[in-house]
Amino acid sequence: MSLNIGMSAALDAAPGAEWAIDVRGLSKVYGGRAVVDAIDLQVAPGRICGFLGPNGSGKTTTIRMLCGLLTPDAGEGQCLGLDFRQHAAAIKRQVGYMTQKFGLYEDLSIRENLDFVARLFELPDRRDTVDQALERLGLQSRAHQLAGSLSGGWKQRLSLAACLLHSPRLLLLDEPTAGVDPKARRDFWDEIHRLADEGITVLVSTHYMDEAERCHELVYIAYGKILARGSEAQIIADAGLHVWSLSGPHLAPWVPALKAAPGVLSVAAFGNALHVAAQDEALLMQALGPLRQQVGVHCEPARANLEDVFVSLIARAADNFGVAA
Ligand SMILES: Nc1ncnc2c1ncn2[C@@H]1O[C@H](COP(=O)(O)OP(=O)(O)OP(=O)(O)O)[C@@H](O)[C@H]1O
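In this numbering scheme, every chain counts its residues from 1 along its sequence in written order. Owing to the predicted nature of the model, reporting of local features is limited to residues with pLDDT of at least 70; listing and counting of side-chain atom pairs is limited to 80 or more, with chain, interface and lining totals taken over all residues.

Turning our attention to the domain arrangement of the protein. Split by domain assignment, the protein resolves into domain 1 (21–230) and domain 2 (240–321). Using C-alpha coordinates to define each centre, domain 1 is positioned 36 Å away from domain 2. At the interface, ten residues of domain 1 touch seven residues of domain 2. Broken down by secondary-structure element, the contributors of at least two residues to the side of domain 1 that touches domain 2 are helix H7 (209–212), strand E9 (217–222) and strand E10 (225–230). Tallied by class, residues from the side of domain 1 that touches domain 2 come to nine nonpolar, no polar and one charged. Start and end positions for the domains come from either an automated domain assignment or a database one. Here, residue contact means that the backbone-derived C-beta atoms of the two residues sit within 7 Å. Numbering of helices and strands runs from the N terminus; a helix is a DSSP stretch of H or I covering at least four residues, while a strand is a stretch of E covering at least two. Each residue gets one of three labels, nonpolar for Ala, Val, Leu, Ile, Met, Phe, Trp, Tyr, Cys and Pro, charged for Asp, Glu, Lys and Arg, and polar for the others, Gly among them.

Next comes the structure, spelled out in structure tokens:
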């Protein structure tokens, strides 16, 4: 069970705060290594901010510091208008945190789990509150089923219902849809957008590009540092990438040489096409030269997508930090 609730907190979020999350210089060091390295993060109320980055880049650590489950080594700022270092308990009461791993009791039913969480939060009218949560997330038909016997999609809905029970104003969701099928993911995102329409702020980590596209804004982190932020369109424009799409037979043998070519930052297959990306257009043309001579190979400029940008950012960051991408 990962819920950790400050029962004694009486502070409410400061009304009308300009930012739901506003932290600067947030850092966490493990074993002498800054796994979150002086990051600044601002999210306005009612916005959905996607938090992206490769495995081990510091997303969970950041989320856990924001909701007061982990003490930062440095940083200052506010969550919901409250100083996030001084008022961790008060913030916890107004934040819904969904962990990466299912954090509820497998041997309790859906209803029993929700009732348990309602007790933890000392919610009044528990039965009504649980009934409403069951209805909102479409869980009534399975209310008496043990959580341990639910599929991934149902477990995820139960987790979301549990973290919404106390009417939080900020949701911190850590890879909430990992391993969940496309229909359940779509339903989940519809619900996230309904919540944002109601004014709830959402910071959600994900590895899925289609989910990134459903966020109002994105933050991309690697090696504990923020490498890009903004809307999808801004991030793509800021990256200044040149991308060419290649199609034709037997392209796979060309991939290693393309990847090794100077200036090439990303090579990826999308269906029958290869996307090759670089910042330096002349180097890209040089890398593509031999392929453009091949009979049957069609080359044309393409629009960079988020995945092209993120893979390229990692390649550049790896160069900067002197590590293997
Ligand atoms: N308690 C800990 N002690 C030591 N190192 C830790 C601890 N927790 C996390 N780390 C390290 O900090 C780094 C960042 O981890 P974190 O879980 O925040 O990454 P992440 O971006 O959430 O990754 P993923 O996408 O795989 O969930 C990793 O290298 C991880 O091994």
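Before going further, it helps to examine helix H5 (residues 152–164). Owing to its 3.6 residues per turn, the α-helix brings residues three or four apart onto one side. The span you would expect from a helix comes to 1.5 Å times its residue count less one. Over its 13 residues, H5 extends 18 Å from the first C-alpha to the last, a length consistent with the 18 Å expected when each residue adds 1.5 Å. Labels follow a simple rule on C-beta atoms placed from the backbone: if 20 or more others lie within 10 Å of a residue's own, it is buried; if 12 or fewer, it is exposed; otherwise it is partly exposed. A large share of H5 lies buried, amounting to ten of its 13 residues. Restricting attention to buried positions, one finds in H5 the residues Lys155, Gln156, Arg157, Leu158, Ser159, Leu160, Ala161, Ala162, Cys163 and Leu164. Looking at the buried positions of H5, the neighbouring elements they touch are strand E6 (95–98), helix H3 (110–120), helix H4 (126–136), strand E7 (170–174) and helix H6 (182–197).

Moving on, we come to the sheet that holds strand E4 (residues 74–79). The sheet built from four strands is open, its strands ordered E2-E1-E4-E5 with antiparallel pairing. Among the strands making up the open sheet, the edge pair consists of strand E2 (33–43) and strand E5 (82–83). If DSSP finds at least two bridges between two strands, the strands pair. Pairing of E4 with E5, which is carried by two bridges, proceeds in the antiparallel orientation. Counted as the bridge partner of Cys79 is Leu82 from E5. Here, axes are lines fitted to C-alpha atoms. For helices the fit covers the stretch in contact, and angles between N-to-C directions go from 0 to 180 degrees. Against the sheet, helix H1 (residues 59–66) engages strand E1 (21–30), E2 and E4, with an angle of about 120° to E1.

The six strands lie next to each other as E6-E7-E8-E3-E9-E10, forming an open sheet whose pairing is mixed. Two strands lie at the open edges of the sheet, namely E6 and E10, each paired on one side alone. Each strand axis lies, on average, 15° off the axis of its neighbour in the sheet, ignoring direction. The sheet contact formed by strand E3 (residues 48–52) and E9 spans four bridges and is parallel. Within E9, the position partnered with Leu52 by the bridge is Tyr220. On the sheet, H6 packs against E3, E7 and strand E8 (201–205) and is oriented at approximately 150° with respect to E8.

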